[in-house]
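Residue strings, one per chain:
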Amino acid sequence: MSTLTWYGYSAEVFVLSATGGLRWSATLGLSQGYEVGPIFAASDGGAYVADESLDAVSRVSSDGDLVWTRRVPAQWFSEAQDSTLLVASCKGITSLQQDSGHMNWQQRLSFPLSRCEMSGFTAAVDGSLYASVQIDPYSLADSSRILKFDEFGKMAWQFDLPDPDARLLGVDADHVYFSTPTRLSALDSDSGVLLWESNPQ
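A.B. asks: For the overall build of the protein, give the residues involved together with the corresponding values.
C.D. replies: Helix and strand counts for the protein stand at zero helices and 18 strands. Looking at the protein as shown, the accessible area adds up to about 11200 Å², and 50% of this sits on carbon and sulfur atoms.

A.B. asks: So what about a negative patch on the surface? Which residues, and what values?
C.D. replies: Among the surface-exposed residues, Asp-126, Glu-151, Asp-172, Asp-174 and Asp-190 lie close enough to one another that they form a single negatively charged patch. Note on placement: Asp-174 falls in the loop between strand 15 (167-171) and strand 16 (175-179).

A.B. asks: I'd like a description of the sheet that holds strand 14 (residues 155-161), backed by residues and values.
C.D. replies: Strand-to-strand pairing in sheets goes through backbone hydrogen bonds, with the strands running parallel or antiparallel. Within the open sheet, the four strands sit side by side as 11-12-13-14. Their pairing is antiparallel. The sheet terminates laterally at strand 11 (116-123) and strand 14, the two strands that pair on one side only. Within the sheet, the average angular offset between the axes of one strand and its neighbour, ignoring direction, is 15 degrees. Of the pairings in the sheet, the one linking strand 13 (residues 143-149) to strand 14 comprises six bridges and is antiparallel in character. By the bridge assignment for strand 14, Phe-149 is matched with Met-155.

A.B. asks: Can you lay out the pairing of strand 16 for me, pointing to particular residues and giving the numbers?
C.D. replies: Along a regular strand, successive side chains alternate from one face of the sheet to the other. Two strands pair when backbone bridges link them, and strand 15 and strand 16 are joined in this way by four bridges, in the antiparallel orientation. Across the sheet, Val-171 pairs through a bridge with Val-176, a residue of strand 16. The hairpin formed by strand 15 and strand 16 contains three residues between the paired strands.

A.B. asks: If you had to explain the packing of aromatic side chains to someone new, which residues and values would you point to?
C.D. replies: Each aromatic ring pair is described using two quantities: the centre-to-centre distance and the angle formed by the ring planes. What the rule picks out here adds up to eight aromatic pairs. Ring geometry for Phe-159 versus Phe-178: centroids 6.1 Å apart, planes at 50 degrees, classification tilted. Taken as a pair, Phe-159 in strand 14 and Phe-178 in strand 16 lie far apart in primary sequence, 19 residues in all. Here Phe-159 matches Phe-178 in class, with each residue buried. Every member of this aromatic cluster is reached through a ring pair, and the members are Phe-40, Tyr-48, Trp-68 and Phe-77.

A.B. asks: Pulling in residues and values, what's your account of the pattern of salt bridges?
C.D. replies: By the definition in use, this model includes five salt bridges. With a shortest N-O distance of 3.7 Å, Arg-145 and Asp-160 are connected by a salt bridge. Here Asp-160 lies in strand 14 and Arg-145 lies in strand 13, a separation of 15 residues in the sequence.

Basis of the calculations
- Residues numbered from 1 in each chain as written.
- Predicted model: local features only at pLDDT ≥ 70, side-chain atom pairs only at ≥ 80, totals over all residues.
- Heavy atoms only, no water.
- Helix = DSSP H or I, 4+ residues; strand = E, 2+ residues; numbered from the N terminus.
- Areas by Shrake-Rupley, 256 points an atom, 1.4 Å probe, with all protein chains shown as cover.
- Patch = residues over 30% accessible without salt bridge, like charges linked within 9 Å, V, L, I, M, F, W, Y side chains within 5 Å.
- Salt bridge = Lys/Arg side-chain N within 4 Å of Asp/Glu carboxyl O.
- Lys, Arg positive; Asp, Glu negative; His and termini not counted.
- Charge placed at Lys NZ, Arg CZ, Asp CG, Glu CD.
- Pairing = 2+ DSSP bridges.
- Axes fitted to C-alpha atoms, helices over the stretch in contact; angles between N-to-C directions.
- Phe/Tyr/Trp six-rings, centres within 6.5 Å; stacked < 30°, edge-to-face > 60°.
- Buried < 20%, exposed > 50% of the residue type's maximum accessible area, 1.4 Å probe, protein only.

Next comes the structure, spelled out in structure tokens:
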């Protein structure tokens, strides 16, 4: 009589070249039978993979080998110039060492988790961090916020808008750019003051 052994859920992650050829693949364990979370390409050809149900991040090398896994909440990733990885979600922002996964610092955010969705995140050259979040994204009373944090994840300013679905587009030395379904806008990166907005329609 044969027996079956349950090894848990897993996901296959593939990285393809610009011409569509397979560079590497990796099999990662998942905490539940959900699809694999966000994937972020690492600068060395590897990748960072999130398991949102477990609040975990896995680092995969450019050969497809699992390097490390850390229990931190992750929806968005950004590599900083000092060999750190910034990981963000509505639960908080975490700074990890890219090579080892060692935690440098973690800053919790006080958003209502069941009503919050992070729609954008990036790290600027000076170390500042920017994010866009949607509050109550699936209700008629939804709103959005554009946020700036210092290099340790402490909030510097917050810009509130009644428009739903605001998304961070990018930053430069002086501006923070974001979009809503009806307009493009720019904020002053130092103060968070609205500088201009344009309706492309």
